[in-house]
Amino acid sequence: MSLDVARIAGGPALTQERRLVTAIPGPRSIELQARRTAAVSAGVGGTLPVFIVAAGGGVLVDVDGNSLIDMGSGIAVTSVGNAAPRVVEAVQRQVAEFTHTCFMVTPYEGYVAVCEALNELTPGDHAKRSALFNSGAEAVENAVKVARAFTRRQAVVAFEHGYHGRTNLTMALTAKNMPYKHSFGPFAPEVYRVPLSYPFRDGISGPEAAKRAISRIDKELGAENVAAIIIEPIAGEGGFIVPGEGFLPELVEYARANGIVFIADEIQTGFCRTGDWFACDHEGVVPDLITTAKGIAGGLPLAGVTGRAEIMDAVHVGGLGGTYGGNPIACAAALGAIEEMREHDLAGAARRIADVMEPRLRTIAERSGRIGEVRGRGAMLAVEVVVPGGTEPDPATTAAVARACHAEGVVVLTAGTYGNVLRFLPPLGIPEHLLVEALDVIERAFLVP
Ligand code: PLZ
């Protein structure tokens, strides 16, 4: 796919270049930031205070005319590119036809078509059903509701370093206190956390880590009380932690043997990001339920729960829904985004991104001595930053490197329980020369003390 100039339907063609014409942030962004501070709750966080006016391909263009390289995709959302042509076209058509009826009142085809696509694309060839929601957290909440209704059990097992959202139930499922949970309790009951497989830090194999987690479930909860095990196949906000090979399959086997619903939260990993349609595909893991959001609709708010027909249909009629869930414009966007993924083989594009990035990141690790591990899969890659010579997390250097990248016009994100992970989630169609330039900037940021 040639993306030297990203065409934004109905908008300008964006030159695919890093171009800084002011300091970052520039004067107009600083003005807007002052308005933001006066108008927007201080509780809403911010990575980089540049205000965006256009985006596409691999760049974000700000109000001052700076063109920044996008290595975040708005946290793994615009995998098909920002304002991707088929998304724009589908949205424009739909928004002119009708904007909302509420699917629960008078339905429309787009919702059904998205569910059909989810049923087809998600792992496993069993009979499936789907339901649509507005956000990842809402999808996770509903997956837990479905699992409880099906099993008539209550306990839910989540993992250390897990992230599942900011609503009350999903805060309980999320591991990290700051900034997600601090001062917001009490949290939903019947949520239990067990250890993840974190090869860099626990030094044990995937199957050994699975045994450890399963023993905790058996001893502390009793399998017959557990409705669901929920896990991200690669922990996202927790630091792109890839569990040891065999960890996920063993958990699935345990869940199946004990009538527990296995929920894969693929909200961050899904839709070609890791080089497959879903991260579960990598080890042939077939979850009972899968939650999706983010990359599904090219930037419009949409989320889904997909799973075994007998589980999804166990809920009483009217038990699932919401005013906006599966909004027609978001559904049109999803159908456009899925077309982009199929047509341009974006799973293959994600693997090619890894081919370019991984060797460079390893070289940066060797030269700087500050990177304990390069990890991830496809276009979901990260480096864990440590104090040289050991494994002690170094969040200060992580933040300094991120700041230096931002100042040079490369939008990188941080993550990790210890705040010491620099993560990369470029749009899957990013032109290679931008990827290489971003890596040059990242390397310089690591090598300058
Ligand atoms: N599950 C695996 O990654 C969202 C959070 C950003 P929502 N991750 C980005 C932030 O700081 O709020 C996420 C995820 C996984 C669930 C969610 C929640 O998705 O669409 O943000 O609700």
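Residues numbered from 1 in each chain as written. Predicted model: local features only at pLDDT ≥ 70, side-chain atom pairs only at ≥ 80, totals over all residues. Heavy atoms only, no water.

### Section: the overall build of the protein chain
For step 1, the next point in the chain: Assigned secondary structure in the protein chain consists of 14 helices and 17 strands.
For step 2, the next point in the chain: When each of the 449 residues of the protein chain is scored for burial, the buried share is 55%.
For step 3, the next point in the chain: Residue pairs at least 24 apart in sequence account for 73% of intrachain contacts in the protein chain once pairs closer than 6 positions are excluded.
For step 4, the next point in the chain: Carbon and sulfur atoms form 53% of the exposed surface of the protein chain, whose accessible area is close to 18100 Å².
For step 5, the next point in the chain: Taking the average location of the 39 positive side-chain charges in the protein chain and that of its 50 negative ones, the two points are 4 Å from each other. (Helix = DSSP H or I, 4+ residues; strand = E, 2+ residues; numbered from the N terminus. Buried < 20%, exposed > 50% of the residue type's maximum accessible area, 1.4 Å probe, protein only. Contact = heavy atoms within 4.5 Å. Areas by Shrake-Rupley, 256 points an atom, 1.4 Å probe, with all protein chains shown as cover. Lys, Arg positive; Asp, Glu negative; His and termini not counted. Charge placed at Lys NZ, Arg CZ, Asp CG, Glu CD.)

### Quick look at unusual backbone geometry
For step 1, the next point in the chain: The omega angle of the peptide bond from Ile24 to Pro25 is -5 degrees, so this bond is cis rather than trans.
For step 2, the next point in the chain: In this structure, Pro25 sits in the loop between strand E2 (13–15) and helix H1 (27–39).
For step 3, the next point in the chain: With omega at 5 degrees, the peptide bond leading from Gly185 into Pro186 counts as cis.
For step 4, the next point in the chain: Residue placement: Pro186 occurs in the loop between helix H6 (168–173) and strand E8 (191–194).
For step 5, the next point in the chain: Non-glycine residue Ile75 carries a positive phi angle of around 60 degrees.
For step 6, the next point in the chain: With respect to the element layout, Ile75 can be found in helix H2 (residues 73–76).
For step 7, the next point in the chain: Overall, Ile75 belongs to the partly exposed group, its relative accessible area being 32%.

### Some remarks on the packing of helix H3 (residues 85–97) against helix H11 (residues 328–343)
For step 1, the next point in the chain: Interaxial distance between H3 and H11 falls to 8 Å at its minimum, and their mutual angle equals 155 degrees. Of the possible angle classes, the one that applies to H3 and H11 is roughly antiparallel. Here H3 runs over H11; the crossing is right-handed. Contacts from Pro85, Arg86, Val87, Ala90, Val91, Gln94 and Val95 in H3 reach Pro328, Ile329, Ala332, Ala333, Gly336, Ala337, Glu339, Glu340 and Glu343 in H11.
For step 2, the next point in the chain: Here the residues of the contact of H3 with H11 sort into ten nonpolar, two polar and four charged. (Axes fitted to C-alpha atoms, helices over the stretch in contact; angles between N-to-C directions. Parallel < 35°, antiparallel > 145°, perpendicular 65-115°, else oblique. Left-handed = near helix turned anticlockwise from the far one by under 90°. Nonpolar A, V, L, I, M, F, W, Y, C, P; charged D, E, K, R; others polar.)

### Let's talk about the domain arrangement of the protein chain
For step 1, the next point in the chain: Once the domains are mapped, the protein chain shows domain 1 (5–83 + 345–447) and domain 2 (98–343).
For step 2, the next point in the chain: On a C-alpha basis, the centroid separation for the pair domain 1 and domain 2 is 26 Å.
For step 3, the next point in the chain: Tallying the contact residues gives 39 residues for domain 1 and 33 residues for domain 2.
For step 4, the next point in the chain: The largest per-residue losses of area from domain 1 upon contact with domain 2 belong to Val80, Arg377 and Met380, which jointly make up 27% of the total buried on that side.
For step 5, the next point in the chain: Counting the contacts that link domain 1 with domain 2 gives two salt bridges.
For step 6, the next point in the chain: One salt bridge connects Glu237 with Arg423, and the closest N-O pair in it is separated by 2.9 Å.
For step 7, the next point in the chain: At the junction of domain 1 with domain 2, the criterion picks out 20 residue pairs in polar contact (both at pLDDT 80 or more). (Domains from an automatic or database assignment. Buried area = accessible area lost by both parts, 1.4 Å probe. Salt bridge = Lys/Arg side-chain N within 4 Å of Asp/Glu carboxyl O. Polar contact = N/O pair within 3.5 Å; in protein donor to acceptor, adjacent residues only side chain to side chain.)

### Topic: the pattern of salt bridges
For step 1, the next point in the chain: What the rule picks out here adds up to 21 salt bridges.
For step 2, the next point in the chain: Note that Glu343 is salt-bridged to Arg86, the shortest N-O span being 2.9 Å. Here Glu343 is found in helix H11, whereas its partner Arg86 is found in helix H3, with 257 residues between them in sequence.
For step 3, the next point in the chain: For Arg216, the salt bridge is made with Glu220, and the minimal N-O distance between the two is 2.8 Å. Here Arg216 pairs with Glu220, and both are found in helix H8 (residues 206–220), just four residues apart, close to one helical turn.
For step 4, the next point in the chain: One connected set of salt bridges, linked through shared partners, spans Arg86, Glu339, Glu340 and Glu343.

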